[in-house]
Amino acid sequence: MTVTQSSQIAQLPVLGEAAQQSYPTATLYVVATPIGNVTDISLRALHVLMIADVVACEDTRKTGALLTRFGLNKQMVAAHQHNEREVADKLVQRLRAGERVALVSDAGTPAVSDPGARIVDAVRNAGLNVVPVPGASAAVTALSASGLVNDRFHFVGFLPAKAKQRETELARLKLETSTLVFYEAPHRITDCVEALASVFEPTRQVVFARELTKMFEEIHRCQLNEALAWVKADQHRERGEFVVLVEGAAPAGDEGDAEAERILQILLTECSVKQAANLTAQITGRKKNALYERALQIKGEA
């Protein structure tokens, strides 16, 4: 981008719209932050962080570094998995006093496999306002670039660290037809792949999305039986945060359709196409026209 183009973007009227919108007090703002590339932050998120009285964050050092990148110096309160309940009570008190509180995690959308859900729950139970400020999400980012064609996905998050519990969880998901979405830490990625390979069919598609939006971003898709070799082929592939996507199970055949097919096959050995379709429809309750078309196909294959 040229200097002129950058200057033109900085002068766009839309940049001022964030400041002109309504930001009620006594409100918890759930603010999504970048998962890697700092410029992925939204204008609205930036403005909320600017006007917040306090920022509740997973790690004050990481959030402090992010705020510094944008020239912000805000009061912060640590809100992690070990102190959420205690912090939630204090934040409710601040909200009742009319403050604006911004809730962030280390990266991405708070309360999604990250701390924050208990705080949001406590604020809602107190009858106070919660406003989401949407933005980056590692799961959705990975899905968008995966090429796995499925209208549904099942977000699992992090699998259990212990092998037996991990295998039990995967076995429970084996027949799930939605795309499966896992988060995994670099030191466990090999164990994760081995567990997936031991439970799921070897021909299932798997996508590794590593270090999303960062300098060494890598998105690789292969069959599950090729996955471990891919991870082991480069020592750098066992570094960085992972989103692992696994193709869903093939939909199970309809037992009713299978029974109709069996009856139709038998009747076609003794009856005409029309008679076989009529009788099968009466026996199974399936549509006669569809059965007639299928009977023609069977005859044509014979």
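Treat the numbers as computed from the prediction; the structure is a model and nothing was measured.

What to know about helix H4 (residues 60-69)
For H4, the full list of buried residues reads Thr63, Gly64, Leu66 and Leu67. Down the axis of H4, the buried set is contained in an arc of 160°. They therefore lie on one face. Structural note: H4 exposes Arg61, Lys62, Thr68 and Arg69 on the side pointing more than 90 degrees away from its buried face. Buried residues belonging to H4 abut helix H3 (43-51), strand S2 (54-57) and strand S3 (76-78). Capping of H4 at its N-terminal end is provided by Asp59; its side-chain oxygen lies 2.9 Å from the backbone amide nitrogen of Arg61. The positive-phi residue at the C-terminal boundary of H4 is Gly71, with phi of around 70°.

Some words on the pattern of salt bridges
Evaluation of the coordinates by the stated rule reveals 13 salt bridges. Its salt-bridge partner being Glu218, residue Arg237 comes within 3.4 Å of it at the nearest N-O pair. Residue Arg237 is found in the loop between helix H10 (224-232) and strand S10 (242-246), and its partner Glu218 is found in strand S9 (residues 218-223); the two are separated by 19 residues along the sequence. The residues Arg237 and Glu218 share a single accessibility class, namely buried. Within the structure, one salt-bridge network assembled from shared partners comprises Arg210, Glu218 and Arg237.

What counts and what doesn't
- Residues numbered from 1 in each chain as written.
- Predicted model: local features only at pLDDT ≥ 70, side-chain atom pairs only at ≥ 80, totals over all residues.
- Heavy atoms only, no water.
- Buried < 20%, exposed > 50% of the residue type's maximum accessible area, 1.4 Å probe, protein only.
- Helix = DSSP H or I, 4+ residues; strand = E, 2+ residues; numbered from the N terminus.
- Arc of directions from axis to C-beta.
- Contact = heavy atoms within 4.5 Å.
- Polar contact = N/O pair within 3.5 Å; in protein donor to acceptor, adjacent residues only side chain to side chain.
- Salt bridge = Lys/Arg side-chain N within 4 Å of Asp/Glu carboxyl O.

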